[in-house]
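Each chain, written out:
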Amino acid sequence: MIKTGKVKFKKSTEIKNSVFGVGLEKLDRNMYDPSRVYPELKNAGVKYARIQSGWARTETKKGEYDFKWLDDIVDNLIKNGIEPWMCLCYGNGLYNDRAKEHFYGVGCPPINTDEEKRAWLNYCKQVAARYKGKVNKYEIWNEPDGDWCWINGQNPIDYGTFAISTAKALKEVLNDVYVIAGSTAFLKPEWIDKMLSTGLNEYIDAVSYHRYTAHLEDGVLKLIPPYRAILNKYGVKDLVQGESGCQSKPGGAGALWEGEWDELKQAKMLLRRELIDLISGVKIASYFTAVDVDEALIGVSGKAYFGLLKNVCDKSGKPTGEYKRKPSFYAMRAVCSAVCGAKVIDGEIEFLPEWSLKYYREDDDGKDFISAFLKSERGGTAYCYYKPTDIMTTSYQSTVSFKISGVSGKPKLIDLMDGTVYEFTADEVFASDSGYRFKNVPVKDYPLLLCFGDFAETK
């Protein structure tokens, strides 16, 4: 193939429609200074940022609210073309003795006394009023199906009742509020069924879920249809992917910490995740997270390496406050710029394996590919595909031959790892009346984007 250039990378301010976002979690616990992160997120082209409201950080005296720290976050995100959506979460030691013992009240739901229930609802109303016209998407709590975030014992009925009262409080202040519930750590349809059986479905617009797994195809893609079936049963239209990612090195804290991760595996997982989110039809696809930071669920519990950016340290190992881009940053930038606004459509493909001189073997037959046809806002179409091998133990590359019908326009291939654009040689692509036939084109263990016509802007 012939390298011809790059995707034209777009800043967040240049992108109107996209599902891709990133998390700015843990700022409710004052874990890092985000001031140098905003321009990097803008350069990455993300359109959403999930933030946590931080009741314990905001209300340090009963009935008095200091929103300055949160104002700065919301205003800087908006200024950089990124829409903040807010998770209302965690308890407050002013009203709950157990919350005094937990770092910034993590995991302590305000459901025990009338006083803390009232204080919580008052706080939620204060937040909604404060950011009227700036934030209209609110998520209720974080991972209530996990004992680290709901210490009262995971009970979907208790959570559903709590979420109803919270949603009602938000709707008292905001007529157009978009309410997200669930925020579950596990894709368990039965938990969501019980949660929605409380009548919560009448007060929300979407259900969100989190999922950390090294096997996205089985651990997410196969579980989405039964999950969707429960949402359809209760008439909930939208699904939000609120947290997902992996570490970029072994030995960190938080989810998947045991794995033998590296920065390339992280970038591959990010790209797989984004394609699976498109196939799943989520309203928002939020990657966890912007920067490497201490896990901070119960105090400062060790560095987690989920970030698109890593800390630059001095010779003594102390963070300087500057950040360095990882390969996952460049992958996020490429997918945000190339695929922004694209929708999944039906398409027709026929795999025609041939002998591959490049690898001295038969082509892949395409039967196990994870793939989707996409239609861009610019009018072009694309076929996005990858081979779902185990990236924890292998690095895979091969070739594939196939015929695609119903497409037109000059084909190009975009490597979403860094946005490099390739054109085909005369012995790799053959035009026909109904489309194109491709011979021995690359297939990898992360998504490649085969574009037709004016799908993505390149340079």
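Quick caveat, the model's predicted, so the values are computed rather than measured.

Now for the overall build of the chain. The helix and strand inventory of the chain stands at 11 helices and 25 strands. For a compact globule of 459 residues, the expected C-alpha radius of gyration is about 23 Å, and the chain comes in at 23 Å, within 12% of that figure. Dimensions of the chain, computed from the C-alpha atoms along their principal axes, are close to 75 × 55 × 40 Å. Scored against the burial criterion, the 459 residues of the chain give a buried share of 59%.

The buried fraction of helix α7 (residues 189-196) amounts to six of the eight residues, a majority that puts the element mostly inside the structure. Looking at α7, one finds that the buried residues are Pro 189, Trp 191, Ile 192, Asp 193, Met 195 and Leu 196. Along its buried surface, α7 packs onto α6 (156-173), β6 (178-184), β7 (206-210) and α9 (224-233).

Across the sheet, four strands lie side by side as β15-β20-β24-β23; this open sheet has antiparallel pairing. Two strands lie at the open edges of the sheet, namely β15 (348-351) and β23 (429-431), each paired on one side alone. For this sheet the average axis-to-axis angle between neighbouring strands, irrespective of direction, equals 30 degrees. Where β15 lies against strand β20 (residues 397-405), four bridges are found, and the strand directions are antiparallel. Within the sheet, the bridge partner assigned to Ile 349 lies in β20 and is Ile 404.

On to the pattern of salt bridges. As enumerated under the stated definition, the model contains 34 salt bridges in all. In this structure, Arg 29 and Asp 28 form a salt bridge, with 3.1 Å as the shortest nitrogen-oxygen distance. Overall, the relative accessible area of 2% leaves Arg 29 in the buried class. Classification of Asp 28 as buried rests on a relative accessible area of 2%. With its nearest N and O atoms 2.9 Å apart, the salt bridge here joins Glu 115 to Lys 62.

Let's shift gears to the sheet that holds strand β25 (residues 448-452). The strand order across the open sheet formed by seven strands is β1-β22-β21-β25-β19-β18-β14, and the pairing between neighbours is antiparallel. Each edge of the open sheet carries a strand with a single partner, namely β1 (2-6) and β14 (343-345). Strand-to-strand twist in this sheet, taken as the mean axis angle between neighbours without regard to direction, amounts to 35 degrees. In the sheet, β14 pairs with strand β18 (residues 370-375) via three bridges, with the strands oriented antiparallel. Bridging from a neighbouring strand, Ile 345 pairs with Phe 373 of β18. Against the sheet, helix α10 (residues 263-280) engages β14, β18 and β19 (381-386), with an angle of about 65 degrees to β18.

With that settled, the discussion passes to the layout of surface pockets. In this structure, the largest pocket spans a volume of roughly 390 Å³. Looking at the largest pocket, it is lined by 20 residues, and the ones nearest its centre are Glu 143, Trp 148, Tyr 212, Ala 255 and Glu 295. If you add up the space inside the second largest pocket, you get close to 280 Å³. As for the second largest pocket, its lining consists of 15 residues, of which Val 19, Val 282, Lys 283, Ala 342 and Lys 343 are closest to the centre. For the lining of the second largest pocket, the elements supplying multiple residues, two or more each, are α10 and β14. Broken down by class, the residue content of the lining of the second largest pocket amounts to six nonpolar, four polar and five charged.

Right, let's talk about the packing of aromatic side chains for a bit. Applying the stated rule across the entire model yields 35 aromatic pairs. The interplanar angle of 15 degrees and the centroid separation of 5.6 Å between the aromatic rings of Trp 55 and Tyr 95 together place this pair among those described as stacked. Residue Trp 55 is found in helix α2 (residues 55-58), and its partner Tyr 95 is found in the loop between β4 (83-88) and α4 (97-101); the two are separated by 40 residues along the sequence. Each member of the pair, Trp 55 as well as Tyr 95, is classed as buried. Arranged with centres 6.1 Å apart and planes meeting at 20 degrees, the rings of Tyr 65 and Phe 67 form a pair that is stacked. Classification of Tyr 65 by relative accessible area gives partly exposed; the value is 24%. Taking the relative accessible area as the measure of exposure, Phe 67 reaches 3% and is therefore buried. Above the face of the Tyr 305 ring, Lys 249 is positioned so that its terminal group lies 4.8 Å from the ring centre.

A word on the nonpolar core. Leu 24 and Leu 449 are the most contacted members of the largest nonpolar core, which has 139 residues in total. The greatest single-element share of this core, amounting to eight residues, is contributed by helix α11 (residues 327-339). Once you skip the residues sitting within four places of it in the chain, Leu 24 turns out to touch Tyr 32, Val 37, Tyr 38, Leu 41, Ala 49, Arg 50, Ile 51, Leu 77, Thr 289 and Ala 290.

Position of Lys 375 among the secondary structure elements: in strand β18. On the basis of relative accessible area, Lys 375 is assigned to the partly exposed category, the value being 37%. Along the chain, Lys 375 and Phe 452 lie 77 residues apart, while their C-alpha atoms are 9.8 Å from each other. Beyond its immediate chain neighbours, meaning those up to four positions away, Lys 375 contacts Gly 341, Ala 342, Lys 343, Ile 345, Gly 380, Thr 381 and Phe 455. One polar contact links the side chain of Lys 375 to the main-chain carbonyl oxygen of Gly 379, over a distance of 3.0 Å.

Attention now goes to the pairing of β6. Strand residues, when the strand is regular, have side chains that alternate between the two faces of the sheet. Most of β6 sits inside the fold, with seven of its seven residues counted as buried. Where strand β5 (residues 137-140) lies against β6, three bridges are found, and the strand directions are parallel. Bridge assignment links Glu 139 to a residue of β6, and that residue is Ile 180. As a crossover connection, the stretch from β5 through α6 into β6 is right-handed. Between β6 and its parallel partner β7, the chain crosses via α7, and the hand of that crossover is right-handed.

Conventions and cut-offs
Residues numbered from 1 in each chain as written. Predicted model: local features only at pLDDT ≥ 70, side-chain atom pairs only at ≥ 80, totals over all residues. Heavy atoms only, no water. Helix = DSSP H or I, 4+ residues; strand = E, 2+ residues; numbered from the N terminus. Rg over C-alpha atoms; globule rule 2.2 N^0.38 Å. Buried < 20%, exposed > 50% of the residue type's maximum accessible area, 1.4 Å probe, protein only. Contact = heavy atoms within 4.5 Å. Pairing = 2+ DSSP bridges. Axes fitted to C-alpha atoms, helices over the stretch in contact; angles between N-to-C directions. Salt bridge = Lys/Arg side-chain N within 4 Å of Asp/Glu carboxyl O. 1 Å grid on protein atoms, 1.4 Å probe; cavity = no way out; pocket = protein on both sides within 12 Å on 5 of 7 lines; lining within 4 Å. Points joined across faces, edges and corners; volume = space filled by probe spheres on them. Nonpolar A, V, L, I, M, F, W, Y, C, P; charged D, E, K, R; others polar. Phe/Tyr/Trp six-rings, centres within 6.5 Å; stacked < 30°, edge-to-face > 60°. Lys NZ or Arg CZ within 6 Å of the ring centre and 35° of its normal. Core = buried A, V, L, I, M, F, W, Y, C linked by side-chain atoms within 4.5 Å. Polar contact = N/O pair within 3.5 Å; in protein donor to acceptor, adjacent residues only side chain to side chain. Right-handed = clockwise from strand over helix to strand, strands pointing away.

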